[in-house]
Every structure is written in structure tokens, then in C-alpha cells.
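Reading the structure
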Amino acid sequence: MTDNVLTYMTFFPLAGMIVVLMLPSDRHNLIRWVSALFTVPPLALGVWLYGHFNTAIPGLQFVEKIPWIPAYNINYFVGIDGISISMVLLTALLSFLCIFASWGIDKGVKGYFALFLLLDTGMMGVFVALDFFLFYVFWELMLLPMYFLIGVWGGPRREYAAIKFFLYTLFGSVLMLLAILALYFTSEPHTFDMTVLIAQSGKYGTEPLAIWPFNQWGWGFQHVVWMALFIGFAIKIPAFPFHTWLPDAHVEAPTAISVILAGVLLKMGTYGILRVNFPMLPQATADLAYYFLGVLGTWNIIYGALCAMAQKDLKKLVAYSSVSHMGYVMLGMATFTPQGISGAVLQMFNHGTITAMLFLLVGVIYDRAHHRDIEGFGGLAAVMPVYTGVTALAFFASMGLPGLSGFISEVLVLLGAWQKYPILSILGASGVVLTAGYFLWTIQRVYLGPTNEKYKTLPEINGRELFTLIPLGIIVIALGVYPNAMLDLLRASLDQLNQIVIPHLP
Amino acid sequence: MDLRNFESLKFFYPEAILTGTILLLVLLDLVLRRKEILGYIAGAGCLLSLYAAVELFGARGGWLFQHMIILDNFSLFFKVLFLLAALLVICMSLDCHELRRVHKGEYYTVLLTSTLGMFFMASSSNLLMAYLSLELVSLTSYILTGSLPHNRRSTEAALKYLIYGGVSSGTMIYGMSWVFGMTGSLDYARIGAALLQGEVNHLSLFMAFVFILAGFGYKIVFAPFHMWSPDVYQGAPTPITAFLSVASNAAGLAIMIRFFFPALSRLGENGSWLFLQGVEWPHFLLFLSMVTMTVGNLCALNQQNVKRMLAYSGIAHAGYLLMGLVVLNNDGLRAVLFYVVVYLIMNLGAFLVVMIVANATGREDLDGYHGLAWRGAAIPAVCMAIFLFSLTGLPPFAGFVGKFFLFAAVIRQGGMFVLLAVVAILNSVISLYYYARVVKTMFFDFPQPGAQEVEMTPSHAALLGFLSCLTIFLGVYWGPLAFYAEWSLRFFVR
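Residues numbered from 1 in each chain as written. Chains lettered and ligands numbered in written order. Predicted model: local features only at pLDDT ≥ 70, side-chain atom pairs only at ≥ 80, totals over all residues.

**Observations concerning the overall build of chain B**
Inclusion rule: Labels follow the DSSP assignment, with helices taken as runs of H or I lasting at least four residues and strands as runs of E lasting at least two, numbered in each case from the N terminus. This radius of gyration counts C-alpha atoms alone. The globule rule is 2.2 Å times how many residues there are, raised to the power 0.38. With C-beta atoms placed from the backbone, a residue is labelled by how many other C-beta atoms lie within 10 Å of its own: buried for 20 or more, exposed for 12 or fewer, partly exposed between the two. Working definition of a contact: two residues with C-beta atoms, positioned from the backbone, lying within 7 Å.
Scanning chain B for helices and strands turns up 19 helices and 4 strands. Here chain B has a C-alpha radius of gyration of 22 Å; the compact-globule value for 494 residues is 23 Å, and the two agree. Along the first, second and third principal axes, the C-alpha atoms of chain B reach 70 × 60 × 40 Å. Counting only residues that meet the buried cut, chain B has 59% of its 494 residues in that class. In chain B, the proportion of contacts linking residues at least 24 apart, taken out of those at least 6 apart, comes to 81%.

Right, here's the structure in full:
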């Protein structure tokens, strides 16, 4: 059992999907409980994994390798290290909680939960896959359920949002496919094995190509491949200017799917860059990271925050705050300092938990008032005090209040950035102020002030909703007080990752 | 080996069985009252022929009938493929409402004759044989297209098909006459030898190839010889559209690969084919490939009729398939063979769903698909989604693996072929839009009031389940099929 723990975590939800598909479609509650049941083992195994993960080893652990298509050197190859463990834990946790956040879905229940479980498998697979082919299959596998989940169960503009999401991501992933093939044919013997590709990273040419415009920019094979992979990942992050699918998809998606989108899917972009671009193409990473991660990340922070400030829709505000917060991850990664990079990965985890809370909270109010206009509320604190309290916690965590988890990761990122790019660090820090601006302003407009007569009788947050929020709240506080609980897991692997790139820095 | 007429018969069982079945159908048609039985007999004939073809798998390659046709792994591969296509189409036809008033005896006879013609297309080793087999397939296709009685669209489609086909094959035979004039032979092997030795004017040879390509291109449906396909696909009865879209397309590819690769090129090192020096044929094909996929995809974007949309998608796929020929190596050819099999499965599947919907509602336009998933047809809708996403090239479906191989072959060549790969991936993204539009209509839109429930017969359900499971299975575990494609790449040269 313990040898195949990652396989079980990945494929349990898929088994759940098959079981759900066999249940009668009118037994809604049965379907819900069975789905919940099948997300418990991955979560339990995740907790077990947390306990048994050896923090001293920088390399891969819990590795499984089985030949899949031997003629093409394709293996079923999974394993985790410090880069992926936090994401695996996050995925297991959010998948479990989101089943409960989806309890209110009453149209096509069977289809919804079956697709949700398939999505779960795809997400988990992306984070554990170490064979590029397998990685790509999981990466794309996730798109299909997501497309349907947004398109069928989404809001009024769901069709537009779903196809936009699909087209953007597919464009990125086919570029990625070309890059994967290019790496495959450059490696000798041809392989999709990420560890082998990383070991051969010196072989990917860096001398400028003779084709315009690459000869002008001094880009070699490595840079072009880096860029193709980067665009694929940047669309998922989403980095400016590829971010426009995000507000649409987040706003139209049902609550639980928004949580998964923001909590897990966005992390795949930054995870992919850390897993693939950094170790496999270190020279290109060293050359391009400043512009495409550092500067672009800082731009994301400020641009996202300014956009969030301008929103009238509460969910859109949270969506843009994601754009802003993912900017910190990019900035932290670009620093190649121990603080910056561990701050980035910690921020990936923290943003996953915090933004999940935010979307769940938006869902709570939307279920009651059936709209999300920031201007349309007022004085909710008097009507729903518990709800307001939890919201305040999430808002403060998101804006980086000391003592809560968001603070730690943002400070680490800015500390790292200060050593390398002081100007970006200052600009990034100004993003914190903007974040505080829009969140405080929102609190003022929605929760404080005179109570809106229309919403005098809104029911308080219920037990099921609290059940989805409280675990996240506990994590937010715990990591704010004792961040080493997570940082210890990451440190060894991230230091090793830094050491791969640093010799190539100019 | 080089066999004379009588000795050849031993290796000719698949064709002989098919011919016997055709004659039997003609006779039984006169005697039998219950014409439905004819379909089962045709199917049984195909199965027998399939058995005979599989029996030949171990045989040594060689010329049959004094250099007229070739027996090798490559031709066997396509024979099996055509038989599978014919079998599946017969299964589809058994319970197709559109075909109710069609004369069953003629229908199955002509369908099998067309299959027989494709056999010869895949194995001809002589220009005359190639031309005759291509004409046999074309003529039967015209009849099948126009087989719906008192249906204007069907008749119009058949007429258009006939006119385009006539012009293309006329152009082709003109090109063949040039080749004959330059080399003094109709036999592939002698043509190849003459071209390698002799001093031939490259420009006139290039022109001859372009003329010949008109004939092949019209069968494979690539631009600019694609004009007939949307009308024909829309007008023909759905099982026939399915048959034309996969089998006729594959037959065109087979004859083209046979002519340009083993006959005119030499197999060099690392499985790359050396084409005649000085003839800019690969670049010409590269350009055609890019144009074809782009034209197909852009035209498909706004189609309201699902069959017509699938016709344009077929054009786009012809463009993708050409990618495998352009690179001039075994990697590319293997990718083409793999893709042809996968395309057979997913495209037939898609047309099967079109037929199921048309059986129930009589509609083939996109509006007839509103909320299909919510009106009793969740299974066909889900299967359709699988086939369409497979056509787009998304994992974990078989179409992804097919495209993966094609891209891999192109990327491996490097250089300007990367540009082709980039055009192809952009096209894949474009294609997602119109495939997803059908999925959107089926799942995201809710049924209009008064929309009919869609039901399907158990046989269709079984066929649909089989095809969709195969699409997923080959997307997850495709090692054996890739091996089979590799094995089929053994040409008999001399």
C-alpha cells in the first residue's frame, strides 16, 4: 500500500467516477455521499504523506515507475519532492472540501460529481507525474471536465467563459506539446523521463539560432523551447497578457469550481515552470527570468490589484486578486534566492487556501442574495456576524496581515526580491498597499455601514458552509504562526533547484 | 516473388471472396423476398474476406498477376482497414431510416464493389491498374451518393461528384501519359528505374506529378480539389458519407504513398526516403498541407449542418495527414497509417451519432442537437463528445496519439518543418472551436419545447459503445497499434 501511495491518491477519484456513473441518477444524496467518500482516501493518504515525507532529501520520494509504452520509452512514472508535495496536499484538501461546497448543485447531479472526480484525478496526476508524456495527458485530461463544469453548471455567460477557457488553455498546451517533442528528440536516447531530461540539461543548445528574429535577440534552441513552455504555463498562471480568460471563467463557474480553478489550477502554471523550465533549461531560465518572471510578475501584482479595485462584482474582485497574488509567486521564483523561491512555493499553497476561502465566502452570500454587487449590500455584519468574522479573517490573510499565512509568503518573496531587484521589490510591496485598499474598501461597503433593508432577514452561515471554511481558516492561522510546518518540506528541494540555475546567472 | 496469373490466385483470396459475395448478392437479390438479409450476407462476406486477409499476414511479398498488383504488408494493412470500414458501415446501414426506400440489393452490391476497388487501389503497381481501380471506386461512389431515390440533394451531390471526379481523373490520366512518355513504361518498378538513371526534364516531371496529384488529391480531399466534398457529404446518405470520409480517403492515401514512396523514392538510412533530386515535390506538398488544413478548419467554423461541418473537418484532417508524407520518412508514414486507423474509428463514430439523431428526429442541422444530452440521449451525446474531442486531438483519446505521432515526425525533421508544425497546432486550436460548438449545443443548451426524444436501437448502442471504448482504449494504450503500423511499412519493391 505504502509503495503505491501516489497512484492511489491519483486514481481513487477516477474509481469514484466509475462508481458514481453506475448509481441511479435520481438518488442525489447517495451520489453526493459516495463522491465525498472517494475523496477521503486521497486526503487521508495526504496526511500520511505529510508525516512520512523525508524533509532532508532534496530528490524524489515515493517514486513508482512502470513501463507504459516501451517502444517509445514512455513510462508511468510518478513521485514527489519538495516542489510538488505542498500542491499534492492542497489538491487533496480542496477536492474533499469542494465536494461539500457543491452540495447545493441540483441539476445533473450525477454528471457534475462524476466530472468533478475526473477533474480531481487530472489535477493530482499533473502534480505527481514525472514523465513528460504522462504529465501532458493529465494536463489535458483536466481541461475536459473543467469545460463541462463551467459550461453546464455555470452562470449566465457560462458558454462564452467555458470556450474561452478551453481555447486559451489548449493554445498553451499545444505549444507545450511542441516543446516536449523538441526536448524528446534532442535527448539521447529519446525519452520523456523528466529526471533524465534534467540530467541532460547541458545538451540543449544555447548558441543563437540563425533564424530571424532569434538571431537578433540572441536566443538559442533552449530559449525558444523555454518560451513555448512558458507561454503554456503562463496562460494557466495566468500572467498578463494571457489573463483575460480568468475573470470570465471564475465569475461564471459554480462556487466549488471557482475554488478549484483558483486554488489548484492556477498553481499548475507556476508549478510547471519550477518543475520543467528551471531545471531542464537553466541557461534560458537565467537569461529570461528577470523579464518574464520578475518584471511580468510585478506587473501582475500591480495590474491585478488595480483591476480588482475597479470591480463592482465581488467574485470578479476576488478573481483579479488572484491575478495579483500569483504575481508574487512569479516574482519570488525569479529571484533565485532561498527566501524568494520558498516564499513563492509557500505563496502557491497559501494563495490556494486563502483564495479558496474567499470564493467559498462569495458563494455563501450569492446563494442567499442571488447577486454579488458590492454596492448592493451594506451592514451585513449586523445580520450575519459569524459570516462576517470568517470573511474578515480571509480578507486580512489575503492582504497579508502579520500572524496570518499570506504575510509570511509575501514577506519572503519581497525579501528575496530585495536582494536581487530592489526596484521590483519596492513596486511589489506597493501591491500590498493596493490589496489592503480594495479589501478594506470592500469590507466597508459590504459589511459595515447601515444595514440594507432588503437583507435584514438573511440567514446566518450554516454548518455545511462552516465545515468547508474552518479547516482552511485553521491552516491560514497555523501557517501564519508557524510557517516552518510547510517550509521544512520545501527547503531541501528548492535549494537544490536554485543551485541548478545559479551557475548560469550572468 | 513474381507470380504468373494462375499462381497468383492463392494470394488473392480476400478479393476473390469479396467478388464472390458481390455476385451472390446480385443473384440473391432476384430471389429473396426479405431484402434485409442481404445486409447480413454482405457483412458475412466481409468477415470471410477479412479472415482470408489476416491469413495472408505471414506471406512473403511479391507481384501478382504479372506485375499488376503487389502483395505486401502495406497493402494488407489497407485491405484490413477497408474491410473494417465496410463492416462498420454495413452495421450502420442495417437500421438507417434514410436508407429505407433504397434498393438494398444494389446498395450492398455497389458498396462491396467500391471496397474491392479500394483493394486494388492500395495494391496496384502499374499506372493503368491504379487508374482503373481509382475509377472503379469513383464510379461506385457516385452511385452510392445518389442512391437516395427522389431526393434532390442526393442527386445533386452525385452529379457534382461526377463532374469533379471526371475532371480530376482526366487530369490524372493526362499526367500519367506524360510519365509514360518520359519513361516508356507503366510499371512502377520500371518507371522508378528509368527516372533514377535517365536524364529527365525536372520541370515536366514536376508538372506530371502535379497532374497526377489532382487525381489522388481529389480522393484524399485536399485543397484545391476539395470543393466536391461538403456537398457530397451533406447529400449522401449518412452511412455512405461515413464510408467515403474514411475508406475513400484512406484509399487515396494508399495509392499516393504507393506511387510516390516505394515506386519513385529509395529508402535511405534511418528510414528516410530519398526522392528524385531536383524535383521540388516535398515543398509543394508542404504548402498544400498547410493550405488544406487551414481552408478546412476556417470553412468549418460557421457550418450549421453537422455533416457539412464534418466534411470540412475531413478536409482539415487530410491536411494533417499530408504532414506525414511531406517529411519523407518512415516516421511520417507510420504516423499516417496510425492516424488512418484512428480516424476511421472516431469519424465513423461521429457519423454514427449523426445517423442516430437523424433517425430519431430527421434532422442533421446543428439546431436539431439542442440539449441532446437532456432529452434521453445522454449516451450518444457523451459518445459524440468523445469522438469530437478525439478529432480535436485531446488526450486521453486516440486522436491525440495520432496527432502526437504526426507532430513528432514533423518536429524531428526540424528546420522549416517546424513552421508546418506551428501552423498545424494553430489549426488544432481553431478546430476545437467548431467541435466544441457541437458539444456546447448538445450539453449547454437546453432542449427547446417540443423537441423529440432521441432513442437508439440496441445494435446502434452496442456499435457506439464499441467505437467510443476503442477511442479511449487506443488513447491510453496504443503500443500494439503503433507496432502494427510499423509492421505495415514493409513495402515490396523488387
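Having seen it, we continue.
**Focus on the overall build of chain A**
Within chain A, the secondary structure is distributed over 21 helices and 2 strands. For a compact globule of 506 residues, the expected C-alpha radius of gyration is about 23 Å, and chain A comes in at 22 Å, within 12% of that figure. Projected onto its principal axes, the C-alpha positions of chain A cover 70 × 55 × 45 Å. In chain A, which comprises 506 residues, the share counted as buried stands at 61%. Relative to all contacts within chain A whose residues are 6 or more apart in sequence, the contacts with residues 24 or more apart total 78%.

**Regarding the interface of chain A and chain B**
What counts, and what does not: Only Asp, Glu, Lys and Arg are considered charged in this grouping, and only Ala, Val, Leu, Ile, Met, Phe, Trp, Tyr, Cys and Pro are considered nonpolar; every other residue, Gly among them, is considered polar.
With 25 residues of chain A in contact, the opposing surface of chain B contributes 22 residues. For the side of chain A that touches chain B, the secondary-structure elements that each account for two or more residues are helix H5 (132–141), helix H6 (143–153) and helix H7 (158–186) of chain A. If you tally residues by element for the side of chain A that touches chain B, the top one is H7 of chain A, at 14 residues. Residue composition of the side of chain A that touches chain B, by class: 21 nonpolar, 1 polar and 3 charged.

**Here's the deal with the nonpolar core**
Short version of the rule: By convention the nonpolar core is taken to be a set of buried residues drawn from Ala, Val, Leu, Ile, Met, Phe, Trp, Tyr and Cys and joined through C-beta atoms within 7 Å.
Core analysis: the biggest nonpolar cluster contains 396 residues, and Leu 149 and Leu 178 of chain A together with Phe 407 of chain B have the highest contact counts within it. When residues in this core are grouped by element, the largest group, 24 residues, is from helix H14 (residues 330–361) of chain B.

**Overview of the packing of helix H5 (residues 104–123) of chain B against helix H11 (residues 238–263) of chain B**
Residues and elements named next belong to chain B. Applicable threshold: Note on definitions: angles span 0 to 180 degrees between N-to-C directions of axes, and those axes are lines fitted to C-alpha atoms, for helices only across the stretch in contact. Oblique is the label for every angle not falling under 35 degrees (roughly parallel), over 145 degrees (roughly antiparallel), or within 65 to 115 degrees (roughly perpendicular). Crossings are assigned a handedness: left-handed for a near helix turned anticlockwise from the far helix by less than a right angle, right-handed for a clockwise turn.
Between H5 and H11, the least distance of the axes is 7 Å, while the angle of their chain directions is 25 degrees. One finds that H5 runs roughly parallel with respect to H11. As H5 packs across H11, the resulting crossing turns out to be left-handed. Between H5 and H11, the residues in contact are Met 118, Met 121 and Ala 122 and Ala 247, Ala 251, Ala 254 and Ile 255, respectively. Here the contact of H5 with H11 is composed, by residue class, of 7 nonpolar, no polar and no charged.

**Here's the deal with the pairing of strand E1 (residues 61–69) of chain A**
Residues and elements named next belong to chain A. Quick reminder of the rule: DSSP-based pairing: two strands are paired if at least 2 bridges between them are found.
As paired elements, E1 and strand E2 (residues 74–80) share 6 bridges and run antiparallel to each other. Bridging from a neighbouring strand, Pro 67 pairs with Asn 75 of E2. With antiparallel pairing between neighbouring strands as the criterion, E1 and E2 make up a hairpin whose turn holds 4 residues, including Asn 73 at a positive phi of roughly 60 degrees.

**What to know about the environment of Val 137 of chain B**
All names here are of chain B. Tracing the backbone through its elements, the reader meets Val 137 in helix H6 (residues 127–145). Residue classification places Val 137 among the buried positions, given that 26 C-beta atoms sit within 10 Å. Not counting chain neighbours up to four residues away, the residues in contact with Val 137 comprise Ser 114, Gly 117, Met 118, Met 121, Ser 248 and Ala 251.

**What about the environment of Tyr 50 of chain A?**
Residues and elements named next belong to chain A. Here Tyr 50 shows up in helix H2 (residues 28–52). By the C-beta count within 10 Å, which is 16 here, Tyr 50 ends up partly exposed. Taking the C-alpha atoms as reference points, Tyr 50 and Ala 289, separated by 239 residues in sequence, lie 31 Å from one another.

**Description of the confidence of the model for chain B**
Heads up, the rule is: In predicted models, pLDDT denotes the confidence assigned by the predictor to each residue on a 0 to 100 scale.
Taken residue by residue, chain B gives an average pLDDT of 89. The fraction at 70 or more is 100%. Interface confidence for the predicted complex, expressed as ipTM, amounts to 0.90; the pTM equals 0.93.

**Some points on the packing of H14 of chain B against helix H19 (residues 479–487) of chain B**
Packed helices, taken two at a time, are described by the angle their axes make and the gap between the axes. Residue and element names in this part refer to chain B. Remark: H14 packs on H19, axes separated minimally by 9 Å, with the N-to-C direction vectors making an angle of 125 degrees. It follows from the interaxial angle that H14 and H19 lie oblique. For the element pair H14 and H19, the recorded crossing hand is right-handed. Residues Arg 334, Leu 337, Phe 338 and Val 341 of H14 touch H19, and the partners they reach there are Leu 481, Ala 482, Ala 485 and Glu 486. Grouping the amino acids of the contact of H14 with H19 by side-chain chemistry returns 6 nonpolar, no polar and 2 charged.

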